[in-house]
Amino acid sequence: MKQARGFPLHRLKQDMDSAWTALDVGTQTMFQKAIDDPKSVDLEKLSNAFVDQSLKDISFCKDAGRMCYAVVQAEAQKAATNVFRGNLLTRLQQAFTAREETRNRSVQEWVCLVTFMCSIFDYIKVNNAPLAPLVDPVYDCLYRLAQPDALMNEEEVDCLVVQLHRVGEQLEQTNSQRMNQLFYWLRDGFLLQEDLSSMTRLLLLEILEFRASGWTLTDTAHKYYYSEVVD
């Protein structure tokens, strides 16, 4: 089996065992063929399968960006096309447009959508830069997670903090003013919203300090926050 640059297939399987096993056999086979010979696969169908799985499976969508990147790289190198990436962005745009309906129907599916979008934003680049069409949608999703009603839901707060750890620094480089606005809301939520849970307050304090320290935590701060979580 040939491999996309930087993504030996056996390493993908080892590094993302839970994501790989979440796929049905047909999708696994399509993925393998896409890495070897993209022209032999219906890349739009493969893209749809990845999106559909991501919107219902949090363990898959966390690492789906890496698998999508492998297909994008293989297609670019071996077919000189971008069918997979184009359809992926179309599906993400559709899901993004319906995000409030999704959140009202299922917070879990909404969190999967945000996680998947951030995973794609994290991995897939054009000329070493994030995909421009995703910058504002990702910001808009994080803005929604920072609103007072979302801060009442620990699942949404956890998603917000995890994604800021993952892509916050990259996002700030694309638009620092929007990041400033996001953290203005988070500070207000932490200081003014009295009915937050103790876990939410801890998560918000940690992410506020994380950004203030240049998107990193000192060893002391890391031990403080994460020993608190463990305890």
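Residues numbered from 1 in each chain as written. Predicted model: local features only at pLDDT ≥ 70, side-chain atom pairs only at ≥ 80, totals over all residues. Heavy atoms only, no water.

A.B. asks: Describe in detail the confidence of the model for the protein, supporting the description with residues and values.
C.D. replies: Scored by pLDDT, the protein comes out at a mean of 89, with 86% of its residues at no less than 70. Below pLDDT 50 for its whole length, residues 1–12 participates in 24 contacts with residues either more than four positions away or in separate chains. (pLDDT = per-residue confidence, 0-100. Contact = heavy atoms within 4.5 Å.)

A.B. asks: Explain the packing of helix α11 (residues 154–174) against helix α12 (residues 176–192) residue by residue, including any values.
C.D. replies: Following both chains from N to C, one finds α11 and α12 inclined at 145 degrees, their axes separated by 8 Å at the closest point. Residue-level contacts link L160, L164, G168, L171, E172 and T174 of α11 to S176, M179, N180, L182, F183 and L186 of α12. (Axes fitted to C-alpha atoms, helices over the stretch in contact; angles between N-to-C directions. Helix = DSSP H or I, 4+ residues; strand = E, 2+ residues; numbered from the N terminus.)

A.B. asks: Before we move on, can you summarise helix α3 (residues 25–36) with the specific residues and values?
C.D. replies: Between its first and last C-alpha atoms α3 spans 17 Å; for 12 residues at 1.5 Å apiece the expected length is 16 Å, and the two agree. Those residues of α3 that fall on the buried side of the exposure criterion are T27, Q28, M30, F31, A34 and I35. One face of α3 carries all of its buried residues, which in axial projection span an arc of 160 degrees. (Expected span 1.5 Å × (residues − 1). Buried < 20%, exposed > 50% of the residue type's maximum accessible area, 1.4 Å probe, protein only. Arc of directions from axis to C-beta.)

A.B. asks: Please set out the packing of aromatic side chains residue by residue, giving values where relevant.
C.D. replies: Scanning the entire structure with this criterion turns up 7 aromatic pairs. A ring pair is formed by Y139 and Y143, whose centres lie 6.1 Å apart and whose planes are at 70 degrees; its orientation type is edge-to-face. Of this pair, Y139 and Y143 are both found in helix α10 (residues 132–145), 4 residues apart, which corresponds to roughly one turn of the helix. On the accessibility criterion, Y139 (0% relative accessible area) is buried. Here the aromatic residues F31, F50, F60 and F84 are joined through ring pairs into a cluster of three or more. Above the ring of F121, the side-chain terminus of K125 is found at 5.4 Å from the ring centroid. (Phe/Tyr/Trp six-rings, centres within 6.5 Å; stacked < 30°, edge-to-face > 60°. Lys NZ or Arg CZ within 6 Å of the ring centre and 35° of its normal.)

A.B. asks: Could you give me a rundown of the environment of V111, with the residues and numbers involved?
C.D. replies: Within the element layout of this structure, V111 appears in helix α9 (residues 107–123). When the C-alpha atoms of V111 and E155 are compared, they prove to be 7.8 Å apart, with 44 residues separating the residues in sequence.

A.B. asks: Describe the environment of Y123, naming the residues involved and giving the relevant values.
C.D. replies: Assignment of secondary structure puts Y123 in helix α9. When the C-alpha positions of Y123 and A70 are compared, they lie 9.4 Å apart, and in sequence the two are 53 residues distant. Beyond its immediate stretch of four places on either side in the chain, Y123 contacts G65, R66, Y69 and R166.

A.B. asks: Can you tell me about the environment of W110, naming the residues and giving the values?
C.D. replies: Note that W110 resides in helix α9. With 14 residues separating them along the chain, W110 and F96 place their C-alpha atoms 9.6 Å apart. Not counting chain neighbours up to four residues away, the residues in contact with W110 comprise R99, T102, R103, C141, R144, L145 and E156.

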